[in-house]
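An overview of the molecular structure
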Amino acid sequence: ARGANAASLTGVLSLDVGNGPLPAEASPFLTEGDVDITGGSSGEVAAAFTQVMRVIAALQRRAQESEAIVADLQAQADEVEERRRALTRQAERAERERDMAVQQCEEAEAA
């Protein structure tokens, strides 16, 4: 089990936290049993902690970037929705005007 924990920790610490997606098999969520620091030297523990903090910082930056992207997309969606509403109102008005014109033509022909 200790080898599996080390492999799990290695997977987390070697995550590419660039612009690509995080691999599902290297989940950044550690549980208490994933890391056994009792057998490691203080240097190994410090290095692992530093790496984990780098991963956390990178993931936080990514989350902030994602929030900004989501906000931009929501603003764009709101603009598109407003345009759709305006076009719907315009189309409904045009249909009413057409119906009135058809009715006026029919009344003029009947008279």
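Up top is the structure these notes are about.
What this report covers is the structure whose coordinates are included nearby. All of these numbers come straight from a predicted model, not from anything done at the bench.

1. Concerning the overall build of the protein chain
The helix and strand tally for the protein chain stands at two helices and zero strands. Counting the 111 residues in the protein chain, one finds 10% classified as buried. Pairs at least 24 residues apart make up 62% of the contacts formed inside the protein chain by residues separated by at least 6 positions. Put simply, the protein chain shows about 8800 Å² of open surface, and 56% of that area lies on carbon and sulfur atoms.

2. As for helix α2 (residues 42-110)
Between the first and last C-alpha of α2 there are 100 Å, a value that for 69 residues agrees with the 102 Å anticipated at 1.5 Å per step. Where α2 is concerned, the buried positions are A48, V52, V55, A58 and R62.

3. Details of the pattern of salt bridges
Summed over the entire model, instances satisfying the criterion amount to four salt bridges. With a closest N to O distance of 3.2 Å, R85 and E81 form a salt bridge. Separated by four residues within a single helix, R85 and E81 lie in helix α2, roughly one turn from each other. Taken together, the shared-partner salt bridges in this structure form one network comprising E81, R84 and R85.

Here is what the cut-offs are and how they apply
Residues numbered from 1 in each chain as written. Predicted model: local features only at pLDDT ≥ 70, side-chain atom pairs only at ≥ 80, totals over all residues. Heavy atoms only, no water. Helix = DSSP H or I, 4+ residues; strand = E, 2+ residues; numbered from the N terminus. Buried < 20%, exposed > 50% of the residue type's maximum accessible area, 1.4 Å probe, protein only. Contact = heavy atoms within 4.5 Å. Areas by Shrake-Rupley, 256 points an atom, 1.4 Å probe, with all protein chains shown as cover. Expected span 1.5 Å × (residues − 1). Salt bridge = Lys/Arg side-chain N within 4 Å of Asp/Glu carboxyl O.

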